[in-house]
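Observations on chain architecture
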Amino acid sequence: MTRRKRLTLLLVLVALAGVANVPFAVTRLHSRTQPKPRGENYMGDDAARREWPAATPHTRRWPAPHQFEYAHEFGFHYYNVFGEQSGQRFQMNVQLTGWPLPVLEDKKMWWDWSDPTLKGPEPDPALRVVPSGLILNPIIVGVGLYLILTLPRDVFVFFRARRRRKRGRCIGCGYSLTGNTSGRCPECGRPIAAPAPDDRAAEHAAFQ
Ligand SMILES: [Zn+2]
């Protein structure tokens with residue numbers, strides 16, 4: 001494959017992955033009533049060691065979580081986290097979808113609205129796009145597909161060329177170049193590469 005064809009293939013694969021990125025994340029979103037996959041549930045100190053799964057909305061810090069539920073399956077991460085401080089209850093319910101990185105964040109939050117120190121944005125903000133997932137997913141998936149499609153053949157061609165060179169054959173077509181002085185393969189017209197410096201040194205050593 002020529003360099004231009006390779007570049008085209010790579011760009012097409014990245015573009016396809018880019019087109020599929022957000023729609024796939026949408027298909028992984030769960031409705032509020034849909035049962036969540038079975039996951040982990042941390043309480044007390046085990047929960048308090050964890051961070052809130054997304055940004056909290058106030059300048060005042062939310063208390064450390066006292067209950068932390070987490071579950072995940074392919075392209076889907078789910079958090080349901082509770083905190084409590086002086087009788088005030090805090091809750092954050094987040095789903096992150098997308099693959100390999102999250103690209104959509106659906107976050108619901110609850111807190112004590114009567115407290116003036118907890119003035120903040122409206123709860124239930126709209127779905128947010130995660131920029132890192134939006135940019136990196138197409139690159140990761142596109143490059144991955146490109147390598148899956150091209151690497152096996154590249155490795156095969158590399159070892160075949162090495163084998164042919166060692167046996168004094170054209171690396172393009174395998175035709176025997178014994179006694180050839182034209183500098184080109186008579187079968188396919190490929191220029192014959194000079195032996196690598198290492199090979200020359202080895203040949204030289206062999207004659208001593
Ligand atoms: Zn040839």
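The coordinates are above.
This text gives an overview of the structure that appears in the document.

Reading the values: rules and limits
Residues numbered from 1 in each chain as written. Predicted model: local features only at pLDDT ≥ 70, side-chain atom pairs only at ≥ 80, totals over all residues. Heavy atoms only, no water. Helix = DSSP H or I, 4+ residues; strand = E, 2+ residues; numbered from the N terminus. Rg over C-alpha atoms; globule rule 2.2 N^0.38 Å. Buried < 20%, exposed > 50% of the residue type's maximum accessible area, 1.4 Å probe, protein only. Areas by Shrake-Rupley, 256 points an atom, 1.4 Å probe, with all protein chains shown as cover. Lys, Arg positive; Asp, Glu negative; His and termini not counted. Charge placed at Lys NZ, Arg CZ, Asp CG, Glu CD. Expected span 1.5 Å × (residues − 1). Contact = heavy atoms within 4.5 Å. Polar contact = N/O pair within 3.5 Å; in protein donor to acceptor, adjacent residues only side chain to side chain. Patch = residues over 30% accessible without salt bridge, like charges linked within 9 Å, V, L, I, M, F, W, Y side chains within 5 Å. Salt bridge = Lys/Arg side-chain N within 4 Å of Asp/Glu carboxyl O. Donors = N, O, S within 2.8 Å, 3.2 Å for Na, K, Ca; no water.

Moving on to the overall build of the protein. Across its full length, the protein holds 4 helices and 6 strands. For the protein, the sequential pattern of α-helices and β-strands runs α-β-α-β-β-β-β-β-α-α. In terms of overall dimensions, the protein is more spread out than a globule: its C-alpha atoms have a radius of gyration of 30 Å, far above the 17 Å expected for 208 residues. Overall, the C-alpha framework of the protein stretches about 95 × 40 × 30 Å when taken along its three principal axes. Considering the protein as a whole, with its 208 residues, one finds that 29% of them fall into the buried category. Summing over all exposed atoms, the protein offers an accessible surface of approximately 13,900 Å²; the carbon and sulfur share of this is 59%. Charge separation in the protein, taken as the distance between the mean sites of 29 positive and 18 negative side-chain charges, equals 16 Å.

This part takes up helix α3 (residues 131–166). Between the first and last C-alpha of α3 there are 51 Å, a value that for 36 residues agrees with the 52 Å anticipated at 1.5 Å per step. Residues of α3 that are buried: Gly133, Asn137, Pro138, Gly142, Tyr146, Thr150, Arg160, Ala161 and Arg164. Buried positions along α3 lie against α1 (3–28). Gly168 sits one or two residues past α3 and shows a positive phi near 70 degrees.

The topology assignment puts Glu73 in strand β2 (residues 65–73). Separated by 24 residues in the primary sequence, Glu73 and Thr97 place their C-alpha atoms 9.7 Å from one another. Sequence-distant contacts of Glu73, that is, excluding residues within four places in its chain, are made with Arg28, His30 and Pro37. Within the structure, the side chain of Glu73 is placed 3.1 Å from the side chain of Arg28, a separation counted as a polar contact. Reaching out from Glu73, the side chain makes a polar contact with the side chain of His30 at a distance of 3.4 Å.

Further remarks concern a nonpolar patch on the surface. Taken together, Val129, Leu134, Ile135, Leu136, Ile139, Ile140, Val143, Leu147, Leu151, Val155, Phe158 and Phe159 make up a surface patch of nonpolar side chains, about 1,000 Å² in accessible area. For the nonpolar patch, the element with the highest residue contribution is α3, accounting for 11 residues. As for its position among the elements, Leu151 is in helix α3. Since its relative accessible area comes to 43%, Leu151 is described here as partly exposed.

Our next topic: the coordination of the zinc ion. Within the first shell, the zinc ion binds the protein through Cys170 (SG), Cys173 (SG), Cys185 (SG) and Cys188 (SG), at distances of 2.3 Å. Overall, the relative accessible area of 30% leaves Cys173 in the partly exposed class. Among the residues examined, Cys188 registers a relative accessible area of 42% and is labelled partly exposed.

What follows covers the pattern of salt bridges. Within this structure, the stated rule accounts for 6 salt bridges. Across the pair Asp46 and Arg49 runs a salt bridge, and its minimum N-O distance is 2.5 Å. Judged by its relative accessible area of 37%, Asp46 is partly exposed. In this structure, Lys108 engages Asp106 in a salt bridge whose closest nitrogen and oxygen atoms are separated by 3.2 Å. Overall, Lys108 belongs to the buried group, its relative accessible area being 17%.

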